[in-house]
Amino acid sequence: GQQLNQSPQSMFIQEGEDVSMNCTSSSIFNTWLWYKQEPGEGPVLLIALYKAGELTSNGRLTAQFGITRKDSFLNISASIPSDVGIYFCAGQSPNTGNQFYFGTGTSLTVIP
Amino acid sequence: DTGVSQDPRHKITKRGQNVTFRCDPISEHNRLYWYRQTLGQGPEFLTYFQNEAQLEKSRLLSDRFSAERPKGSFSTLEIQRTEQGDSAMYLCASSHSGRPDTQYFGPGTRLTVL
């Protein structure tokens, strides 16, 4: 299957700092989704991206669909304690129908 | 609409028993997906339906796993003769085929096989 490399694996930051994480794939994707998951819960959709180069914001979150279609980035500005969780990227390849592939996640800890 | 729901939220069973999980998608969504998630990993795709048709099932983990969506609404995932390695979170997601594919997840069913 497709490989999605997500980095960093974990982050420990002070409240108020900005956060950046990224996801790269070995092949082209036509959709990128970013999710946040808290313990014992399902992933919650944060941002969806559908076109190369697209830059989309959702409050303090901003995500971009890479020009090469093989990567995506998520930034969180002015982090707050409730940003704590695991962030997953997910990509959909034009070659595998409607199947989404997920990264291994970035665990975010915000220190008050 | 309250989103995707799953039942039960937790299931503890003994090895060798059969288990069945239910997923109710968002009402206007015609696509329904099943995933498995183990600790420290992202969700792993298992199968998906468009309406009542199961369009992809090659990623089901073994022939002990089966899924149905008989009327194109709710779906069930069954695991027969459970093994300890089946312990995981089983997630359901839904989407609408008429829009860019954006999946919304349910809260998951946590399975523990003793």
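Criteria and cut-off values
Residues numbered from 1 in each chain as written. Chains lettered and ligands numbered in written order. Predicted model: local features only at pLDDT ≥ 70, side-chain atom pairs only at ≥ 80, totals over all residues. Heavy atoms only, no water. Helix = DSSP H or I, 4+ residues; strand = E, 2+ residues; numbered from the N terminus. Buried < 20%, exposed > 50% of the residue type's maximum accessible area, 1.4 Å probe, protein only. Areas by Shrake-Rupley, 256 points an atom, 1.4 Å probe, with all protein chains shown as cover. Lys, Arg positive; Asp, Glu negative; His and termini not counted. Charge placed at Lys NZ, Arg CZ, Asp CG, Glu CD. Salt bridge = Lys/Arg side-chain N within 4 Å of Asp/Glu carboxyl O. Phe/Tyr/Trp six-rings, centres within 6.5 Å; stacked < 30°, edge-to-face > 60°. Polar contact = N/O pair within 3.5 Å; in protein donor to acceptor, adjacent residues only side chain to side chain. Contact = heavy atoms within 4.5 Å. Core = buried A, V, L, I, M, F, W, Y, C linked by side-chain atoms within 4.5 Å. Buried area = accessible area lost by both parts, 1.4 Å probe. pLDDT = per-residue confidence, 0-100.

**What about the overall build of chain B?**
- Scanning chain B from terminus to terminus reveals zero helices and eleven strands.
- Overall, chain B shows an N-to-C arrangement of helices and strands of β-β-β-β-β-β-β-β-β-β-β.
- Referenced to the eigenvectors of the C-alpha coordinate spread, the extents of chain B come out at roughly 40 × 25 × 25 Å.
- The buried share among the 114 residues of chain B stands at 46%.
- Here chain B displays about 5600 Å² of accessible surface, and carbon together with sulfur accounts for 44% of that area.
- Across chain B, the mean location of the 15 positive side-chain charges is 5 Å away from that of the 13 negative side-chain charges.

**Brief notes about the pattern of salt bridges**
- One pass over the full model with this rule turns up seven salt bridges over all chains.
- With a shortest N-O distance of 2.8 Å, Arg60 of chain A and Asp83 of chain A are connected by a salt bridge. Here the residue Arg60 of chain A occupies a position in the loop between strand S6 (55–58) and strand S7 (61–65), and Asp83 of chain A occupies one in the loop between strand S8 (71–76) and strand S9 (85–92), the gap between them amounting to 23 residues.
- On the basis of relative accessibility, which here comes to 28%, the residue Arg60 of chain A falls in the partly exposed class.
- Overall, Asp83 of chain A belongs to the buried group, its relative accessible area being 5%.
- Through salt bridges with shared partners, a single ionic network connects Arg64, Glu83 and Asp86 of chain B.

**What to know about the packing of aromatic side chains**
- A full pass over the atoms with the stated rule returns eleven aromatic pairs over all chains.
- Between Phe21 of chain B and Tyr90 of chain B, the ring centres sit 5.5 Å apart and the planes meet at 40°, which makes this aromatic pair tilted. Here the residue Phe21 of chain B occupies a position in strand S3 (residues 19–24), and Tyr90 of chain B occupies one in strand S9 (residues 88–95), the gap between them amounting to 69 residues. Across this residue pair, the class does not change: Phe21 of chain B and Tyr90 of chain B are buried.
- Arranged with centres 6.4 Å apart and planes meeting at 55°, the rings of Phe45 of chain B and Tyr48 of chain B form a pair that is tilted. Both residues of the pair, Phe45 of chain B and Tyr48 of chain B, belong to the buried class.
- Cluster of aromatic residues (ring-pair linked, three or more members): Tyr35 and Phe102 of chain A together with Tyr33, Tyr35, Phe45, Tyr48 and Phe105 of chain B.

**Overview of the side chain of Thr106 of chain A**
All names here are of chain A.
- Position of Thr106 among the secondary structure elements: in strand S11 (residues 106–111).
- Within the structure, Thr106 has its side chain in polar contact with the backbone oxygen of Pro8 (distance 2.6 Å).
- Sequence-distant contacts of Thr106, defined by excluding residues within four places in its chain, comprise Gln6, Ser7, Pro8, Gln9, Met11, Met21, Gly85, Ile86 and Tyr87.

**Here's the deal with the nonpolar core**
- In this structure, Trp32, Trp34, Leu74 and Leu108 of chain A are the most contacted members of the largest nonpolar core, which totals 22 residues.
- Of all the elements in the fold, those that place two or more residues in this core are strand S2 (10–14), strand S3 (19–25), strand S4 (31–37), strand S5 (44–49), S7, S8, S9 and S11 of chain A.
- Among the nonpolar cores identified, the runner-up in size contains 19 residues, and Val4, Phe21, Leu32 and Ala67 of chain B belong to it.

**As for the interface of chain A and chain B**
- The partner chain B presents 22 residues to the 20 residues of chain A that form the contact.
- The largest share of the area that chain A buries against chain B comes from Asn98, Gln99 and Phe102 of chain A, three residues that together contribute 31% of it.
- In this structure, the connection of chain A to chain B is made through one salt bridge.
- Ionic pairing is found between Glu41 of chain A and Arg9 of chain B, a salt bridge with its closest N-O pair at 3.6 Å.
- For the pair chain A and chain B, the interface holds five residue pairs in polar contact (both at pLDDT 80 or more).

**Remarks on the confidence of the model for chain B**
- A residue-level look at chain B finds 97% of positions with pLDDT of 70 or above and a mean pLDDT of 92.
- Per-element mean pLDDT across chain B ranges from 86 in strand S6 (residues 53–56) of chain B up to 98 in S3 of chain B.

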